[in-house]
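# Geometric and topological summary
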Amino acid sequence: MTNHENTTSAIEESLNASQVLFTANPLFLTPQSKHIFQAQERIWDEIEHFSTAWFQRRQDATQAIINAGRRMASEGRNDPSSMMKEMSEFQASAMKRLTEDARECAEMLNRCADSLAQKEAQAVEKASETTQKLLQTAESKPV
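Just so it is clear, the model here is predicted, and its values are computed rather than measured. (Residues numbered from 1 in each chain as written. Predicted model: local features only at pLDDT ≥ 70, side-chain atom pairs only at ≥ 80, totals over all residues. Heavy atoms only, no water.)

### As for the side chain of Glu-104
To keep it simple, the criterion reads: Strands are runs of DSSP state E lasting at least 2 residues, helices are runs of H or I lasting at least 4, and numbering of each runs from the N terminus. Only protein chains enter the area calculation, which uses a 1.4 Å probe; residues under 20% of their type maximum are buried, those over 50% are exposed, and those in between are partly exposed.
Among the secondary structure elements, Glu-104 is positioned in helix 3 (residues 80-137). Its relative accessible area of 14% is what places Glu-104 among the buried residues.

Following this line, the structure appears as structure tokens:
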């Protein structure tokens, strides 16, 4: 396969052998692709779940600021302490939402990484089984 005037036969043989690693061999790509697509589907599900909850918290925050603004406008004129209390409660609820965002994001990333690791292990196991089957049927020569 390789043939260059500056290469020795040993280099030529090792290059030819390594080309197998870079060949799109369907026996090895099929199980890997299957597991990659399964992991990708799981990741999309996780992202959808996280983003739905995130947008719900943003809608809650929007409604909370509208309600706080209304209460501050109606009650704050006569009692500045009620306006300060309203602002403080809104800030506390905003921090709660941010904490929930961070917690859910970390959990989502953990589940995605776990899914990738599991699917990668399954793909490696399947590729190993395929290799073993091929080695049993093929005649091999010592290198």
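Now that the structure has been shown, we can carry on.
### Quick notes on a nonpolar patch on the surface
Note the following rule: Only residues above 30% relative accessible area that lack a salt bridge enter a patch, with like-charged residues linked at up to 9 Å and the nonpolar side chains Val, Leu, Ile, Met, Phe, Trp and Tyr linked at up to 5 Å. Using a 1.4 Å probe, accessible areas were evaluated by the Shrake-Rupley method; residue-level cover was limited to the displayed protein chains. Any carboxyl oxygen of Asp or Glu that lies within 4 Å of a side-chain nitrogen of Lys or Arg is treated as forming a salt bridge with it.
On the surface, Met-83, Met-84 and Met-87 cluster together to form a nonpolar patch covering roughly 270 Å² of accessible area. Note that Met-83 resides in helix 3. On the accessibility criterion, Met-83 (31% relative accessible area) is partly exposed.

### Some words on the packing of aromatic side chains
Quick reminder of the rule: Put simply, two rings from Phe, Tyr or Trp (the six-membered ring, in Trp's case) pair if the centres are within 6.5 Å, and we call them stacked under 30 degrees between planes, edge-to-face over 60, tilted for the rest.
Applying the stated criterion to the full structure yields one aromatic pair. A ring pair is formed by Trp-54 and Phe-55, whose centres lie 4.9 Å apart and whose planes are at 85 degrees; its orientation type is edge-to-face. Judged by relative accessible area, Trp-54 falls into the partly exposed class, the value being 31%.

### Some thoughts on the pattern of salt bridges
What the rule picks out here adds up to 10 salt bridges. Notably, a salt bridge pairs Asp-101 with Arg-58, separated by 2.9 Å at the nearest N-O pair. Here Arg-58 lies in helix 2 (residues 26-75) and Asp-101 lies in helix 3, a separation of 43 residues in the sequence. We classify Asp-101 as buried; its relative accessible area is 8%. The exposure class of Arg-58 is partly exposed, given its relative accessible area of 22%. With a shortest N-O distance of 3.7 Å, Lys-85 and Glu-89 are connected by a salt bridge. Remark: Glu-89 and Lys-85 occur in helix 3; sequence separation between them is four residues, near one turn of the helix.

### Description of the state of the cysteines
Heads up, the rule is: Count a disulfide wherever a pair of cysteine sulfur atoms falls within 2.5 Å.
All told, the structure shown has zero disulfides when counted by the stated rule. Free cysteine Cys-105: the closest other cysteine sulfur is in Cys-112, separated by 9.3 Å. Its relative accessible area of 26% is what places Cys-105 among the partly exposed residues.

Everything listed is a geometric property; what it means functionally is a separate question.
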